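Breakdown of the fold
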Amino acid sequence: MGENNQIIGEDDYILLKDFKVETEVDEEKGFILCFWVYISNSNAFPSTILKQVYAETNSSPPLLVLDEKTLMIFPLTCLLNEALGPGNTDLPSEVPKVSAAIEHPQNNWIHVGYEVSSDFVRLYINGEIAGELHLSSLSNDNSMPNGSRKRTLIGITGDSNLQGFIHDAKVLPSTLSIKEQYVKDPPLRLSIDESSISDIEEDNGFWNIVGGKASCRRIFSLDVLLLNTFGQPVNKELEVVASLLYAHNWLPVEKTNDEEPPLLASCDGIEFASCDRPCKLSKGRASFKLKISKLSSKCDNRQFCIKFGVSKLEGYRFLEDFSPSIRCISRNRTPRTSTIVWKKISAVHPVNGSQPFGLDDSSCEPKHNTVHEAKLSPTSKRVRLGEAKISAVDQHSEECNSLASKQNQVENGFGSRLEARPENFEEMNTSLSDSESTGARDSALKSVSSRGHSVPDVTIFRYCLGGLTDRSLLLKEIATTVSDEEISGFGEQVSLYSGCSHHRHQIKMAKRLIDEGTVAWNLISQNNLQVQWESAVFEIEEQFMKIASCSSRSLTQQDFELLRKIAGCQEYMAQENFEKMWCWLYPVAYTLSSDWVNEMWNSTSPKWIEGFITKEEAELSLQGSRGLQEPGTFILRFPTSRSWPHPDAGSLVVTYVGTDYSLHHKLLSIDNVYSSGVREKNVKVKPLQDMLLEEPELSRLGRIMRRH
């Protein structure tokens, strides 16, 4: 769309009702019409998107029609045997048409190409031929007058209530390529970057955010991306503004009783009304740090959502994105109760550090501290079930065993071998008071500081308070200037200050991830700015197998397709695309390098981890011809929304059919199961797959059904 830094012009996107183009139809040469179309809503089908207008006959038959998930294009009436009479608006029902199935026709950009000649009409969808209609049986020598005939194509108006936009509409000679026009000037879209979400707890598709009065609400952060329809970032001089709406009707949430804005933007420790603090896009990315001052409980328990939109372009639906429904809760309030909810499982599995792994898909950045770490986490009131059995493997203290005894009194959740926590965990007041916890944490911080490291406290605070993009940039800067010992100390302090020990795992990984990623890109690119994806996959696979310590299993074509989607590239890959892919792949490979997960990855009968799959593929695989498969059927996958330095990057997710005959997604946070204490006691620990199958909610391994 012109120069990268230009703003969006008024003529770049035209409302359907305002669209109008004129062309000359030449009997011998023909022409092509191509354009991008975006349908934001349609209340009735079929809906005419474009129609033909003939001033001399006062007729307006349809040209392009949407019928639910079918796009239909009709030949021009001037190419038919019979012209329409004055005032006619419909083609005869027997007139053939060209149709193409569109999976998601609404709220998506579709490129339509219409090629016309005296012999045929062709329909192109997204650069590819979708259908062809030969006109030899429909036309005669007298159907088109000598010379040429002018007609006008306009957007439909009136009772259809069709709303949408046209972008980059062109009438061109038939000698040009529609496929070239498809890639030439793709439209834009705004999208929340799920991998950047921080300090938001996810729960079955909802967001739980701690808000309310100033002393309790917490900052959460995320990034919004400006992309073209191919998923590539676009640099435009635009500002994005966030606003809080009710999820059920998208109306603005009112101010609080003390006239405080419902959504606040945090900037240098100062809170502003979010509408007064739009974020400027930089290289296609805008980073938000927000707080919510309005509680759902004060609004009849209604749910909220956050709308992100480009300033001064209100109503451009494709330049808006909406968060999932939000429950804004107070610090001490339980978000929701459920009879069966997995939040954490604890077992013994060695990846790094001294942390158990847990099942938790309700939190983008959960507090993964074990019971004996409770002293270091003043804000965490999470307790876990089944700790007594785990303590038999790794005895921490009498306090730990005492807490475990309380946990075992709760009946819901996992059994004794894998750990869970009930939904009402925040009501179980087993944590220390804020003052006690703060004192213990300060003591621990001083203890780590006494070991000596050069990273200043302000850097630690910046990391803890920053979003994923901020953390990534900070780690890249630190990793090039400090030693391994110093970055390890930095990870310890971040974990202690934040109360989330999984930060330590990602920070310690930073040096190797950055260094090996740089080497890999240099080998792939050979000093070129872009490389062909197909030529890069060989080096990517080699690096992956080396990091994962896997020589017997290579990546499949489906694995590479998912990696390309994560990279956000098509035929060619730039360094930015490679880095996005690498930040997801490296933690996954690092997890697979551990003994237990490596064993599961290399297993072919049964195939415990079938490859890199999306959440949608896992859900589809668990749906049989008569509905969901048997309760207890599960699939293991790596979440595509977790990239380094997210604390859950490289973790496994269990997607399973619950006893309530619904699908669940729970995070297996694998961190630390063969601690040095465990090895010293010579305790034999069961394989991870055995412990999974012993859980009452998991009974048999599902299979991946890929769509070809």
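Please refer to the structure placed before this passage.
Residues numbered from 1 in each chain as written. Predicted model: local features only at pLDDT ≥ 70, side-chain atom pairs only at ≥ 80, totals over all residues. Heavy atoms only, no water.

Right, let's get into the pattern of salt bridges. The final tally for this structure, using the stated rule, is 23 salt bridges. For Lys-170, the salt bridge goes to Asp-168, with nearest N and O atoms at 3.7 Å. A salt bridge links Arg-285 to Asp-193; the shortest N-O distance between them is 3.0 Å. You can see Arg-285 sitting in strand 21 (residues 285–292) and its partner Asp-193 sitting in strand 13 (residues 188–198), a full 92 residues away along the chain. Classification of Arg-285 by relative accessible area gives partly exposed; the value is 25%. The network of salt bridges with common partners includes Arg-217, Glu-260, Glu-271 and Lys-291. (Salt bridge = Lys/Arg side-chain N within 4 Å of Asp/Glu carboxyl O. Helix = DSSP H or I, 4+ residues; strand = E, 2+ residues; numbered from the N terminus. Buried < 20%, exposed > 50% of the residue type's maximum accessible area, 1.4 Å probe, protein only.)

Each strand in a sheet pairs with another by means of backbone hydrogen bonds, the pair being arranged parallel or else antiparallel. Sheet architecture is open: 6 strands sit in the order 1-12-3-8-9-10, paired in antiparallel fashion. Both outer strands of the open sheet, strand 1 (13–15) and strand 10 (128–134), are each paired with one neighbouring strand and no more. Across the sheet, the mean angle separating the axes of adjacent strands is 25 degrees when strand polarity is ignored. Of the pairings in the sheet, the one linking strand 9 (residues 120–125) to strand 10 comprises 6 bridges and is antiparallel in character. Bridge assignment links Leu-123 to a residue of strand 10, and that residue is Gly-131. (Pairing = 2+ DSSP bridges. Axes fitted to C-alpha atoms, helices over the stretch in contact; angles between N-to-C directions.)

This structure, assessed with the given rule, holds 26 aromatic pairs. Here the aromatic rings of Phe-461 and Tyr-497 are separated by 5.0 Å at their centres, their planes lie at 45 degrees, and the arrangement is tilted. In this pair, Phe-461 sits in helix 5 (residues 457–465) while Tyr-497 sits in helix 7 (residues 484–498), placing the two residues 36 residues apart along the sequence. Joined through ring pairs, the aromatic side chains of Tyr-13, Tyr-38, Trp-109, Phe-165, Tyr-316 and Phe-318 make up one cluster. Above the plane of the ring of Phe-272 lies Arg-277, whose end atom (NZ or CZ) is 3.8 Å from the centre. The ring of Phe-206 has Arg-327 lying over it, and the distance from NZ or CZ to the ring centre is 4.0 Å. (Phe/Tyr/Trp six-rings, centres within 6.5 Å; stacked < 30°, edge-to-face > 60°. Lys NZ or Arg CZ within 6 Å of the ring centre and 35° of its normal.)

Among the residues of helix 5, those classed as buried are Thr-459, Ile-460, Tyr-463 and Cys-464. The arc that holds every buried residue of helix 5, seen down its axis, measures 135 degrees, which confines them to one face. Across from the buried face of helix 5, at angles greater than 90 degrees, the exposed residues are Val-458, Arg-462 and Leu-465. Against helix 6 (468–479), helix 7 and helix 8 (502–525) lie the buried residues of helix 5. (Arc of directions from axis to C-beta. Contact = heavy atoms within 4.5 Å.)

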